[in-house]
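# Notes for the structure review
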Amino acid sequence: MRKLSILLAGTSMLLSGAAFAQDAPAGPVPAADDGADQNHIVVIGRGETRQVQQLSSSDIAELAAGTSPLKAIEKLPSVNFQSADPFGAYEWATRVSIRSFNQNQLGFTLDGIPLGDASYGNVNGLHISRAITSENIGEVRVSQGAGSLGTQATNNLGGTLEFFSRDPSDQFGIRAEGTYGSANTKRIFGRIESGDIGGGVKAYASYVYSDMDKWKGWGSQRTNQANGKIVAPVADDVRLVGTISYSDRRENDYQDLSLGMLKRLGYKWDNISNDYALAVRVADVANNIDNVNNTTGAPVPDGLSDITGLPPSNPAAGKVFPAPIGSLDDAYFDAAGLRRDWLGSLGVEGESGGLRFALKGYYHNNHGQGLWFTPYVPSPGGTSPISIRTTEYDINRKGVFGHTGGKLGEHNDVTIGFWYERNDFQQARRFYALSSRTAPSRRSLDFQANPFATQWDYDYTTDTFQYYVQDKLTFGDLTLNLGWKGFKVKNAADPNVAGTLARGRIDVTDWFQPTAGFNYRLGAGAELFGGFTQVTRAFVASATSGPFATTQAGFNALLSGSTRLKPEQSDTWELGGRIRSGPFTGSLAGYYVNFRNRLLGVTTGAGIVGNPVTLQNVGDVRAIGFEATGDLRLGSGFGAFVSYSYNDSTYRDDVRNAGGTLLAATKGKTVVDAPKHLLKGELTYDHAGFNARIGANYMSRRYFTYTNDQSIAGRVLVDAMLGYKFDLGGHGLEIQANATNLLDKKYVSTIGTNGFGNSGDNQTLMVGAPQQFFVTLKAGF
């Protein structure tokens, strides 16, 4: 039997979670009405009018401590999750897609607070691993379709991922965990519960420190993170809820690879962060090679040559790269991602006089730098042929959202809601000097100061207003959900230092995005569901993604003529069934998606150079597929879960310019990073204090060019867990061992880390972590 400290999160969030889940009924969530789902690995969304699954905190707790909740959902159908580290927390290489929609086209929220698009260079949010520690998550809710109407997102073309924090415990308590494992991993987690301090007021505060070496190469990945939550009843069935989160994450990066580099250099090739002298020599060789850039050495980005002067000459380095390095981009000295975040919220939720309501305000502040030690820009004065290039992020977001609703007559249950956010985002590209050829004068895990050059610096503002209306109609065994949402999103780009990027204004307005769904109970635990949803995606305001991430001429062209930029839109049709019979629950669903105005960002040159992307509209994309999920309680503590999904997503048009010239023959090609087959399964055991799990994950071939001339073969990965819970008279003690990539498979994990190209090999691949082991000791008092 699971301890209270683990079970709390799986049950206590039913009130606050349902308050923001639009397909959730007014009363208790049907899937948990008899408590039977506590014994199931995945809760399949009984009563929903669309494809939905839920994971509880107990499911996340069985993964290696510190594992991202995004990795926890990879077992679900149609979910493609990849990362280069064993925890799924290394943000540069973390990618999640659903039904061929990438993470920029998915909606992410925490307790309803919008998190943006979960990308590394998130311009309007933060990664879930920084927003909350995995031990404080109570529930994860995944919608593979377009998601619920009330989700605070304007990009959820292909689904939503809603995370809910656990509530504080009613009893005073302390929870402590310590982890040690491969790559010198050290992680400490602690949480203190106030218990009920009077009148139902309760709170908790937690802290995490994590430090691990990279599994290959040299460098560290460190996190300091704190969470707090308070709940205070103010009347019958009405409560105030406040949360606060702080995160300081500093990660040394792995080297992006190409297929050619993998063949020449191997899977363990990485940045040469232990050998500054070699990095200097590589830069010197590049500067000595004739005709690299009109005989002046490695090409210096626009606007910087007058500041840096010509690269320093070192004829003694010669014109041949030291083996096994074959090009300037084979290995850089070092790279890192630094992010510091504050996230807070305060809200009221409850029910009074038959009227449900919720209102919440939030604030998010982020300061971040992405660092590359670049041989393309020398430090001024000839002190080093290398400098530090940064992309810098400063986010100030303020927002408020809420809803109200209740029954109207015998059959109708109406809900209306809104969301407003003001996002002030500053993004800059800066360069910092190194003062020596013999030793690096700056550390990669420190925030840099005193730049010698700013290539560009922009203030971006985004104003978002969204509303929705939904009516849930109940006629005996038949439930209908009808409604729509609408939004207006205004983006602006104003330069402090213009460089060659675009300035201007752009907006997307779509006041009517309809949805309709049904659920029909057949009896004997069986039901049918289906529906239709239309969603429009707003643009983002950024120098590295979206319409402003190009030249001024390119941006102007996007706003005029036959090539005028149009927002992406999706129409999703679903039809499926669910069944619950004794120890078995399962679902089977099919879907058809028509995706209009699919925008592809084409990268040119090495990522470290930072060339503007080129946006291409490939017209329609069609996706057709089906998903099957089954969960079986086998008795005597044994359980099994399996999911299979098939997806066929293809571009329906070639890419042509305004004059009709063919740029890329994409018609009929498979969407990048969209495997056709995903098969996942796991066996579990939980009895008499022992618990164990072994899971396997198969993924078929993936393409990383739009014309499908480059691909990554399929692979199977296996993870395992073994644990034992001691009963010490009311005090919990548990030891848990986890193995990731148990069979030590060599494989390419993430594709597209430096974007996708039309054709040809590209330095945009990440290798997955090898076999690793971790042991965690958990104690509760």
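Residues numbered from 1 in each chain as written. Predicted model: local features only at pLDDT ≥ 70, side-chain atom pairs only at ≥ 80, totals over all residues. Heavy atoms only, no water.

### A closer look at the overall build of the protein chain
Broken down by element type, the protein chain carries eight helices and 38 strands. Burial statistics for the protein chain: of 781 residues in total, 60% are counted as buried. Restricting to contacts in the protein chain with at least 6 residues of sequence separation, those with at least 24 account for 69%. Carbon and sulfur atoms form 58% of the exposed surface of the protein chain, whose accessible area is close to 28100 Å². (Helix = DSSP H or I, 4+ residues; strand = E, 2+ residues; numbered from the N terminus. Buried < 20%, exposed > 50% of the residue type's maximum accessible area, 1.4 Å probe, protein only. Contact = heavy atoms within 4.5 Å. Areas by Shrake-Rupley, 256 points an atom, 1.4 Å probe, with all protein chains shown as cover.)

### Details of the confidence of the model for the protein chain
When pLDDT is averaged across the protein chain, the result is 88; 89% of the residues are at 70 or more. Low confidence marks residues 1-36, where pLDDT is under 50. Its contacts with residues over four positions away, or in another chain, come to 84 contacts. (pLDDT = per-residue confidence, 0-100.)

### Some details on the packing of aromatic side chains
Centre-to-centre distance and the angle between the planes together describe a pair of aromatic rings. Inspection of every chain in the model, using the stated rule, returns 28 aromatic pairs. With centroids separated by 5.2 Å and ring planes inclined at 75°, the aromatic side chains of Y276 and F333 adopt a geometry described as edge-to-face. Here Y276 is found in helix α6 (residues 276-288), whereas its partner F333 is found in the loop between α7 (305-308) and β14 (335-352), with 57 residues between them in sequence. The pair Y276 / F333 is uniform in exposure class, with both members buried. Residues Y458 and Y460 carry aromatic rings whose centres are separated by 5.6 Å and whose planes lie at 15° to one another, so their mutual orientation is stacked. Exposure remark for Y460: the relative accessible area of 1% places this residue in the buried category. (Phe/Tyr/Trp six-rings, centres within 6.5 Å; stacked < 30°, edge-to-face > 60°.)

### Topic: α6
With 13 residues, α6 ought to run about 18 Å at 1.5 Å a step, and its terminal C-alpha atoms sit 18 Å apart, in line with that. Within α6, 10 of the 13 residues are buried, leaving the element largely enclosed by the surrounding structure. Every buried residue of α6 is listed here: Y276, A279, V280, V282, A283, D284, V285, A286, N287 and N288. (Expected span 1.5 Å × (residues − 1).)

### Here we look at the sheet that holds strand β6 (residues 113-114)
Each strand in a sheet pairs with its neighbour through backbone hydrogen bonds, running either in the same direction (parallel) or in the opposite one (antiparallel). Pairing within the open sheet is mixed, and its six strands lie in the order β1-β2-β7-β8-β5-β6. Taken across any chain shown, the strands that pair with only one partner, and hence form the sheet edges, are β1 (43-44) and β6. Strand direction decides the pairing type here: β1 and strand β2 (residues 52-56), joined by two bridges, are antiparallel. When the sheet's bridge partners are listed, I44 is paired in β2 with Q53. (Pairing = 2+ DSSP bridges.)

### Here we look at the nonpolar core
Side chains of nonpolar character tend, in soluble globular proteins, to be buried together. Within the largest apolar cluster, 120 residues are counted, with the highest numbers of intra-cluster contacts made by F108 and F163. For this core, the element with the highest residue contribution is α6, accounting for seven residues. Discounting residues that sit within four places of it in the chain, F163 has contacts with P69, L70, F108, T109, L110, D111, I128, I137, E139 and V140. Core analysis: the second largest hydrophobic core is formed by five residues, A64, F87, M212 and F774 among them. (Core = buried A, V, L, I, M, F, W, Y, C linked by side-chain atoms within 4.5 Å.)

### Some words on the pairing of β14
Strand direction decides the pairing type here: strand β13 (residues 238-252) and β14, joined by 15 bridges, are antiparallel. Pairing of N252 across the sheet is with A336, part of β14. Bridge count between β14 and strand β15 (residues 355-374): 18 bridges; the pairing is antiparallel. By the bridge assignment for β15, R339 is matched with G368. What sits between the antiparallel neighbours β14 and β15 is a turn of two residues, in which G353 has the positive phi angle 60°.

### Thoughts on the environment of L717
Here L717 shows up in strand β34 (residues 715-728). With a relative accessible area of 14%, L717 lands in the buried category. Along the chain, L717 and L743 lie 26 residues apart, while their C-alpha atoms are 7.4 Å from each other. Among residues more than four places away in sequence, those in contact with L717 are G695, A696, N697, N741, K745 and Y747.

### Considerations on unusual backbone geometry
Glycine aside, a negative phi is what most residues show, and trans is what most peptide bonds show. Of the consecutive residues A323 and P324, the connecting peptide bond is found in the cis state with omega at 5°. When you line up the elements, P324 lands in the loop between α7 and β14. Here A118, not a glycine, exhibits a phi torsion of approximately 65°, which is positive. Checked against the element boundaries, A118 lands in the loop between β6 and α4 (128-131). Not every positive phi belongs to a glycine, and N708 is a case in point at roughly 65°. Tracing the chain through its elements places N708 in the loop between β32 (702-703) and β33 (711-712).

### Some details on the side chain of T750
By secondary structure assignment, the location of T750 is in strand β36 (residues 748-751). With residues up to four places along the chain from it excluded, the contact list for T750 reads Q82, S83, A84, A93, R95, T764, L765 and M766.

### Remarks on a nonpolar patch on the surface
Nonpolar side chains collect at one region of the surface, where L359, F418, Y420, F465 and W511 lie side by side and expose about 440 Å² of accessible area between them. Looking at the secondary structure, you find F465 in strand β18 (residues 453-475). (Patch = residues over 30% accessible without salt bridge, like charges linked within 9 Å, V, L, I, M, F, W, Y side chains within 5 Å. Salt bridge = Lys/Arg side-chain N within 4 Å of Asp/Glu carboxyl O.)

### Examining the pattern of salt bridges
Side chains that carry opposite charge are capable of pairing whenever their charged atoms lie near each other. For the structure on display, the rule yields 45 salt bridges. Residues joined by salt bridges that share partners form a network here, namely E91, R130, R249, E251 and D341.

### Let's talk about the environment of N102
Locating N102 in the fold gives a position in the loop between β4 (95-98) and β5 (107-110). As a C-alpha pair, N102 and D673 span 571 residues in sequence and 8.2 Å in three-dimensional space. Those residues in contact with N102 that lie beyond four places of it in its chain are V96, S97 and R598. Of note is the side chain of N102, whose polar atom sits 2.9 Å from the backbone nitrogen of N104. (Polar contact = N/O pair within 3.5 Å; in protein donor to acceptor, adjacent residues only side chain to side chain.)

### Considerations on the environment of G260
Checked against the element boundaries, G260 lands in helix α5 (residues 259-265). When its relative accessible area of 28% is taken as the criterion, G260 is described as partly exposed. As for G260 and N762, which are separated by 502 residues in sequence, their C-alpha atoms are 8.6 Å apart.

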